Amino acid sequence: MSARVRAQGLTGAEVAERTARGEVNDVPPRNSRSAADIVRANVFTRFNAIIGVLFLIILAVGPIQDSLFGFVIIANTGIGIVQELRAKRTLESLAVLGETRPRVRRDGRSTEVPTERIVLGDLVELRTGDKCVVDGELAEADGLEVDESLLTGEADPVLKHPCDPVMSGSFVVAGSGAFTATRVGGAAYAARLAEEASRFTLVRSELRGGISTLLKYITWMMVPAAIGLILSQLVVEHSDPAEAVRRMVAGIVPMVPEGLVLLTSVAFAIGVVRLGRKHCLVQELPAIEGLARVSVVCLDKTGTLTEGGMDVADVRPLDGTDPARIAQVLRALGGAEPHPNASLRAIVEAYPPPPEGAGSWRTTATLPFSSARKYSGAAFAEPGGEHSTWLLGAPDVLLADGDGALAEAARLDREGLRVLLLARAADEPDGLYGPGPAPPHGSEGPEGAERRNGPRAPGGLEAADGGPPDARPAALVVLEQRLRPDAAETLGYFAQQHVATKVISGDNAVSVGAVAAKLGLPGAELPLDARALPADRPERARQVADGTVFGRVSPQQKQEMVGDLQAAGHTVAMTGDGVNDVLALKDADIGVCMGSGSEATKAVAQIVLLDDSFATLPSVVAEGRRVIGNIERVATLFLTKTVYSVLLALLVVSWQVPYPFLPRHLTLLSSLTIGIPAFFLALAPNRERARPHFVRRVLHYALPSGLIASAATFGTYLLARHHYSGPGSLTAETSAATLTLFLVAMWVLAIVARPWTWWRVVLVLTMGAAFLTVLAAPPLQRFFALNLVGAAVPWTAVAVAGVAGLLLEVAWRRVAAALPG
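How each quantity is defined
Residues numbered from 1 in each chain as written. Predicted model: local features only at pLDDT ≥ 70, side-chain atom pairs only at ≥ 80, totals over all residues. Heavy atoms only, no water. Core = buried A, V, L, I, M, F, W, Y, C linked by side-chain atoms within 4.5 Å. Buried < 20%, exposed > 50% of the residue type's maximum accessible area, 1.4 Å probe, protein only. Helix = DSSP H or I, 4+ residues; strand = E, 2+ residues; numbered from the N terminus. Contact = heavy atoms within 4.5 Å. Salt bridge = Lys/Arg side-chain N within 4 Å of Asp/Glu carboxyl O. Polar contact = N/O pair within 3.5 Å; in protein donor to acceptor, adjacent residues only side chain to side chain.

Draft legend 1. Molecular detail of the nonpolar core. Membership of the largest hydrophobic core comes to 153 residues, with the highest contact counts inside it found for Leu291, Ile607, Val634 and Phe694. The biggest single contributor to this core is helix α22 (residues 617-655), with 15 residues. With sequence-adjacent residues up to four places away left out, Ile607 is seen in contact with Cys280, Leu281, Ala287, Leu291, Ile590, Gly591, Val592, Cys593 and Val620. Val315, Ala332, Leu344 and Phe380 belong to the second largest nonpolar core, which has 25 residues in total.

Right under this line is the structure:
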């Protein structure tokens with residue numbers, strides 16, 4: 001057996017030289033807009049352009065109080081920029097904590113470096129769970145199996161050997177190795193594929209898409225209404241062009257829902273900051289709202305319900321095997337695997353490998369653990385000259401049905417323990433390649449080439465069909481799993497929120513069910529073995545929908561189960577931390593992984609829990625519900641204003657009367673009934689489950705509300721025009737119409753603010769008190785041009801508003817009953 005050759009990698013001088021030449025992996029960060037992009041996105045909008053032009057027109061004709069709407073827009077835009085920049089800083093600081101730091105070999109030493117500092121020619125090391133961050137060519141391979149499904153769509157792992165290519169975006173499912181970087185930065189395969197997909201994704205959210213649709217409808221309504229209003233006011237107020245311009249602008253400005261997009265951006269940005277404080281990295285912002293829509297959460301047991309670490313609770317010899325020999329084998333297996341998984345790490349802690357030297361076991365071949373295979377193994381040359389092959393893995397995979405050891409393993413599984421079988425393979429080593437590098441392509445002859453590309457592993461570790469070889473049981477290794485202290489509470493939260501929870505694990509179904517039962521998960525007492533699921537998709541989908549706990553699930557089955565749930569109309573979230581979860585995480589509507597998870601899982605997940613706390617998930621769900629529910633509330637307020645503004649303009653055009661308001665009046669009304677309350681409502685807690693059909697729901701509420709508000713306001717205005725005459729009559733008519741519109745808009749606000757809490761009551765009362773202050777204080781009366789004359793018309797305005805309020809209640813109840821969810 002030849003000794004393993006270890007390449008030294010680049011020297012420090014070579015790294016510096018290549019960095020200076022620009023041969024470095026300078027891929028731009030994912031999901032991040034520059035500060036300039038954020039400013040442009042908030043300032044240069046269609047509606048800001050409309051408002052800006054109207055603002056300049058009013059500044060030209062005066063007075064200053066009619067241009068207040070422009071200053072409000074400037075302030076709102078500034079708030080939006082500040083909040084998004086704050087969210088950007090939070091995301092970038094969290095991304096540094098959760099970023100992939102691949103290991104490269106330089107000057108003969110292995111060291112972690114940021115991904116962007118890998119240079120052309122670097123020797124990058126690979127272990128199970130690592131993601132290939134650049135393209136390269138393998139220099140070393142020790143049982144290396146790479147999953148390229150994220151790039152090629154092929155689900156089966158590829159056995160890799162020296163000189164084989166490695167593509168960025170693939171990930172290691174078994175074994176270890178090292179490759180030389182041949183393409184870095186934008187030239188890498190995954191970087192070219194992801195160039196478009198990796199851009200800032202906020203605009204592709206369902207919520208933002210719905211708002212874009214609403215804005216399109218609004219534009220269609222605005223154009224004819226604005227044109228008619230401009231012409232009518234020029235005709236009606238022909239003797240005073242400045243007054244005509246002011247009332248024309250007053251009619252157009254409220255049609256623009258200027259704060260809706262702002263508050264949506266602010267709500268998302270503040271959500272990012274809030275989750276960031278809990279060490280939750282949101283890699284794609286729509287995930288905040290997506291998780292709020294989730295109806296099923298699929299959990300991987302290890303790393304989610306249980307902590308990553310385990311302890312060896314017991315080792316039970318079988319068939320009279322000598323305990324001392326078992327200990328020797330376990331020590332040798334621990335020393336044979338340079339990058340052990342969690343189970344093997346527990347064994348290494350209990351049975352530390354002996355130092356190399358005389359009398360030690362020499363590893364001649366290894367088979368790394370993979371989730372699809374469910375076992376690992378190694379072949380050894382023992383000190384006495386004997387050769388042996390040992391396997392460690394799932395008893396129900398390695399043993400034939402009916403074997404006596406299975407009954408004992410099943411009993412331990414029912415206690416929630418994890419059981420591994422130590423077994424000696426019946427086949428002895430057959431001379432295939434061991435842990436060292438395979439010969440270069442073409443140097444091993446036809447038989448060697450067949451071995452290099454075939455399914456068999458070295459040392460009799462796999463049967464000819466790729467399955468486990470015949471094995472003689474030697475011992476049961478019993479591992480105790482550590483339950484997460486917060487898991488039961490989190491599962492209880494999902495149950496309260498009517499979110500179905502399914503545990504999908506590669507471990508034994510009975511063991512997984514016992515763990516889930518300890519955490520109080522309903523249905524855990526009836527675990528299903530995924531190997532028994534039918535091939536027929538409709539029947540499989542039915543069993544997946546009905547079941548709660550599934551064991552012995554292969555990575556591809558996890559992906560299929562997620563697809564079955566989605567096909568049934570569910571929004572599915574998948575949590576996991578291992579490479580066996582990657583395919584399911586990628587296909588799920590929302591992928592959530594632990595910060596300590598593999599690089600591959602972090603690369604495909606939308607949400608990374610950096611502190612590994614499963615208890616953070618309810619916070620993410622709550623944040624999503626807050627965003628969606630509250631934006632629906634404030635969208636209803638803004639769209640109601642747009643609807644009544646358009647209808648008022650059409651009524652004014654039809655009756656050929658002066659527009660009843662000046663810009664200052666609608667600035668006051670918009671601020672007190674929409675702008676200020678909407679800001680608080682958009683950021684308030686909201687535990688309501690997200691409901692579908694955002695655009696439909698908002699329009700169903702806004703259209704009748706706007707119709708009732710415009711009819712009540714214009715009716716009061718016409719009554720006032722018949723009552724008042726002489727100088728100052730238009731001011732009195734405007735004041736009466738303003739009072740009615742304010743009261744109706746406040747009624748809409750009161751409905752939207754439900755269910756009542758103390759702070760919402762205070763908010764509504766404060767807005768009402770502010771308006772009364774304007775009506776009562778002479779300086780404010782003069783500033784806002786409001787003057788209620790007499791008692792008959794003002795009280796009529798109140799009565800009309802009261803009738804409108806009752807109509808609003810009826811309309812909202814009917815809409816609520818008619819809409820789904």
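Draft legend 2. Focus on the pattern of salt bridges. Counted under the stated rule, the structure contains 36 salt bridges. For Arg40, the salt bridge identified is with Asp37, shortest N-O distance 2.3 Å. A residue pair is termed a helical-turn pair when its members lie 3 or 4 positions apart in one helix, as Arg40 and Asp37 do in helix α2 (residues 35-43) at three residues. For Asp37, a relative accessible area of 31% corresponds to the partly exposed category. For Asp122, the salt bridge identified is with Arg106, shortest N-O distance 2.6 Å. Separated by 16 residues along the polypeptide, Asp122 in the loop between β2 (109-112) and β3 (123-126) and Arg106 in strand β1 (residues 103-106) bring together distant segments of the chain. As far as the burial class goes, Asp122 and Arg106 line up, both buried. Connected via shared salt-bridge partners are Asp66, Glu243, Arg246, Arg247 and Arg664.

Draft legend 3. Representation of the side chain of His665. Take His665: it is sitting in helix α23 (residues 663-683). The class of His665 is buried, set by a relative accessible area of 2%. What His665 contacts, discounting residues up to four positions off in sequence, is Thr734, Thr738, Phe784, Ala785 and Leu786.

Draft legend 4. Representation of unusual backbone geometry within the structure. The peptide bond linking Arg754 to Pro755 adopts the cis configuration, its omega dihedral lying at 0°. Relative to the helices and strands, Pro755 is located in the loop between α25 (729-752) and α26 (758-776). If you check the backbone angles, Asp319 has positive phi at about 55° while not being a glycine. With respect to the element layout, Asp319 can be found in the loop between β10 (306-317) and α11 (323-336). Residue classification places Asp319 among the exposed positions, given a relative accessible area of 67%.

Draft legend 5. Structural detail: the side chain of Asn25. Looking at the secondary structure, you find Asn25 in the loop between α1 (12-20) and α2. The exposure class of Asn25 is buried, given its relative accessible area of 2%. Reaching out from Asn25, the side chain makes a polar contact with the backbone oxygen of Thr115 at a distance of 3.1 Å. Within the structure, Asn25 has its side chain in polar contact with the backbone nitrogen of Gly185 (distance 2.5 Å). In this structure Asn25 touches Thr115, Glu116, Ile118, Val133, Val134, Val184 and Gly185, once residues within four positions along its chain are discounted.

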